[in-house]
Amino acid sequence: MSDICDFEWSNNRYRHNLTISELKLGFNRNEPTDRSRALIALKELIGASRDYALKDKSCFQDDEFLFRFLYARKFNVNEAFQLIINYHAYRQRNAAILQRLSVLDETIQIALRDGFPGVLPNRDRRGRKVLVFFTANWDYASYSLVTVYRAMLLTVEKLLEDKQNQANGFIAIVDWTNFTFRQSSNLNPKVLKLMIEGLQDCFPVRFKAIHFIGQPWYVEAALAVIRPFLKEKTRDRIKLHGSNLSTLHDCVARDILPTELGGEGPTFNPLNWYHELLESSQTVTKPAPSYCLSQTQIYTKTPAQFVPVVGKGKGADLSPAPSRSPSPPSSLSASNGAEFLKAATKAAAVKIGVLTAKANDPATNTLLGVTAGAGGCEL
């Protein structure tokens, strides 16, 4: 007979008997009762842990957050618990890189506008979300590989709010076509190792397949350098297709792929996911907890498409603004952001020769709006 583990939950002395085999082999994620038992067991391990990485146990009562780790390790409680420890330890070691992770960060915005990463609207045949990277679009002079990593983590954390993504995982398609040797020289090995460590061992995300297409010889050389840091399971999931798109289509159906990847879908537009992240950042009613990567920053602004312009006769006319209004730095708080936007509105009014009371009236402010025109994206 299997040994029995007794746990005491908080101060209520609630006891829940779990067998050693259940902790080692995991629970059936398709059974609601098993999911509940696994969650209870994971909470018990967190509550009893004296690991320094878990000195902050504020995630203890957040069931939705803990389920991410259970799904990532197929409801193996011990492995999910170790993943949580790795997650917190990784964040503590790399606090300078992971702090203030927000879609309002200016460099992250540039990366997202270039499609790092892009997210396809439809899932593959196995229900997995598809991330795409067109590496030739990387403007390394404007943002570093670290920024690409930050934008990717922000994207993954947002997608993990959906339990279907937690359960089914992701696939990534990396198009190296027209990726230059000069761009490849900016693939910092230390950052690549940091990315592998985080995505492979520390974050509750499951990449079921990574497809490379159009890769030049120097990309394959870089892959050979980082290959020793990859687990065998991860190495097996990297598929090199070269210029043969038919082998990619054998793995990912053409009807969900954009035309750039030989698919039947519309042309890839990176602004779609960028807009979705911006919109979702303004629907949050309370700040994100400390154990989450992304940070919520909510501010208001005057609609950019209309500013007061002097018209003929008395009064002013509302006409479309000739240019975009400036966006506040990502490090501003909500109150500072409002002050920044008020000052920007005032400056715009002075520039066109009029300053009205309405430009400084907070009642005219509205929540962040996003419009896309022929010239791109306006905030």
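That block above? That's the structure.
Residues numbered from 1 in each chain as written. Predicted model: local features only at pLDDT ≥ 70, side-chain atom pairs only at ≥ 80, totals over all residues. Heavy atoms only, no water.

Draft legend 1. Quick look at the overall build of the chain. A tally of helices and strands in the chain yields 15 helices and 15 strands. Here the chain, with 379 residues, has 46% of them falling under the buried criterion. Taking the intrachain contacts of the chain between residues at least 6 apart in sequence as the baseline, contacts between residues at least 24 apart amount to 68%. Within the structure as shown, the chain displays about 19,600 Å² of accessible surface, and the carbon and sulfur contribution to it stands at 53%. (Helix = DSSP H or I, 4+ residues; strand = E, 2+ residues; numbered from the N terminus. Buried < 20%, exposed > 50% of the residue type's maximum accessible area, 1.4 Å probe, protein only. Contact = heavy atoms within 4.5 Å. Areas by Shrake-Rupley, 256 points an atom, 1.4 Å probe, with all protein chains shown as cover.)

Draft legend 2. Region of interest: the packing of helix α7 (residues 145-159) against helix α14 (residues 271-281). Axis separation between α7 and α14 bottoms out at 12 Å; the angle between their running directions is 65°. In terms of orientation, α7 lies roughly perpendicular with respect to α14. At the point where α7 passes α14, the crossing takes the left-handed sense. Together, Leu 154, Thr 155, Lys 158 and Leu 159 of α7 and Trp 273, Leu 277 and Ser 280 of α14 make up the contact between the two elements. (Axes fitted to C-alpha atoms, helices over the stretch in contact; angles between N-to-C directions. Parallel < 35°, antiparallel > 145°, perpendicular 65-115°, else oblique. Left-handed = near helix turned anticlockwise from the far one by under 90°.)

Draft legend 3. Spotlight on the pairing of strand β8 (residues 207-213). Burial analysis of β8 places 5 of its 7 residues in the buried class, the great majority of the element. By the bridge criterion, 4 bridges tie β8 to strand β9 (residues 238-242) in an arrangement that is parallel. Bridging across to β9, Ile 210 finds its partner in Ile 238. (Pairing = 2+ DSSP bridges.)

Draft legend 4. Expanded view of the nonpolar core. Formed by 82 residues in total, the largest nonpolar core has its most connected members in Leu 42 and Phe 203. Two domains each put at least three residues into this core: domain 1 (9-96) and domain 2 (104-281). Among residues more than four places away in sequence, those in contact with Phe 203 are Leu 83, Tyr 87, Tyr 90, Leu 98, Tyr 149, Leu 153, Gly 198 and Leu 293. (Core = buried A, V, L, I, M, F, W, Y, C linked by side-chain atoms within 4.5 Å. Domains from an automatic or database assignment.)

Draft legend 5. How the structure looks around empty space enclosed by the protein. Enumeration according to the criterion identifies 4 cavities of 30 Å³ or more in this entry. Volume-wise, the largest cavity comes out at about 90 Å³. Elements represented by at least two residues in the lining of the largest cavity include exactly α3 (63-72) and α7. The element that contributes the greatest number of residues to the lining of the largest cavity is α7, accounting for 3 residues. Its residues placed into classes, the lining of the largest cavity shows 9 nonpolar, no polar and 2 charged. In terms of domain composition, the lining of the largest cavity takes at least three residues from each of domain 1 (9-96) and domain 2 (104-281). (1 Å grid on protein atoms, 1.4 Å probe; cavity = no way out; pocket = protein on both sides within 12 Å on 5 of 7 lines; lining within 4 Å. Points joined across faces, edges and corners; volume = space filled by probe spheres on them. Nonpolar A, V, L, I, M, F, W, Y, C, P; charged D, E, K, R; others polar.)

Draft legend 6. Geometry of the side chain of Gln 166. By secondary structure assignment, the location of Gln 166 is in helix α8 (residues 163-168). A distance of 2.7 Å separates a polar atom in the side chain of Gln 166 from the backbone oxygen of Leu 160. Sequence-distant contacts of Gln 166, that is, excluding residues within four places in its chain, are made with Glu 64, Phe 67, Arg 68, Tyr 71, Leu 160, Glu 161 and Arg 206. (Polar contact = N/O pair within 3.5 Å; in protein donor to acceptor, adjacent residues only side chain to side chain.)

Draft legend 7. Main features of the packing of aromatic side chains. Counted according to the given criterion, the structure contains 18 aromatic pairs. Consider the rings of Trp 217 and Tyr 218, whose centres lie 5.4 Å apart with planes at 80°: the pair is edge-to-face. Three or more aromatic residues joined by ring pairs make a cluster, and in this case those are Phe 65, Phe 69, Tyr 87, Tyr 90, Phe 203 and Tyr 291. (Phe/Tyr/Trp six-rings, centres within 6.5 Å; stacked < 30°, edge-to-face > 60°.)

Draft legend 8. Just the sheet that holds β9, in detail. Strand order in this open sheet of 5 strands is β5-β6-β7-β8-β9, and the pairing throughout is mixed. Every interior strand has two partners, whereas the edge strands, β5 (118-119) and β9, have only one. Across the sheet, α7 touches β5, β6 (129-134), β7 (170-175) and β8, and the angle it forms with β6 is around 165°.

Draft legend 9. Main features of the pattern of salt bridges. What the rule picks out here adds up to 9 salt bridges. With a closest N to O distance of 3.1 Å, Asp 255 and Arg 125 form a salt bridge. Of the two residues, Asp 255 sits in the loop between α13 (245-251) and α14 while Arg 125 sits in the loop between β5 and β6, which places them 130 residues apart along the sequence. Here Asp 201 ties to Lys 231 by a salt bridge, and the two come within 2.8 Å at their closest N and O atoms. A residue pair is termed long-range when its members are at least 10 positions apart, and Asp 201 in helix α10 (residues 189-202) and Lys 231 in the loop between α11 (217-226) and α12 (232-237) qualify at 30 residues. (Salt bridge = Lys/Arg side-chain N within 4 Å of Asp/Glu carboxyl O.)

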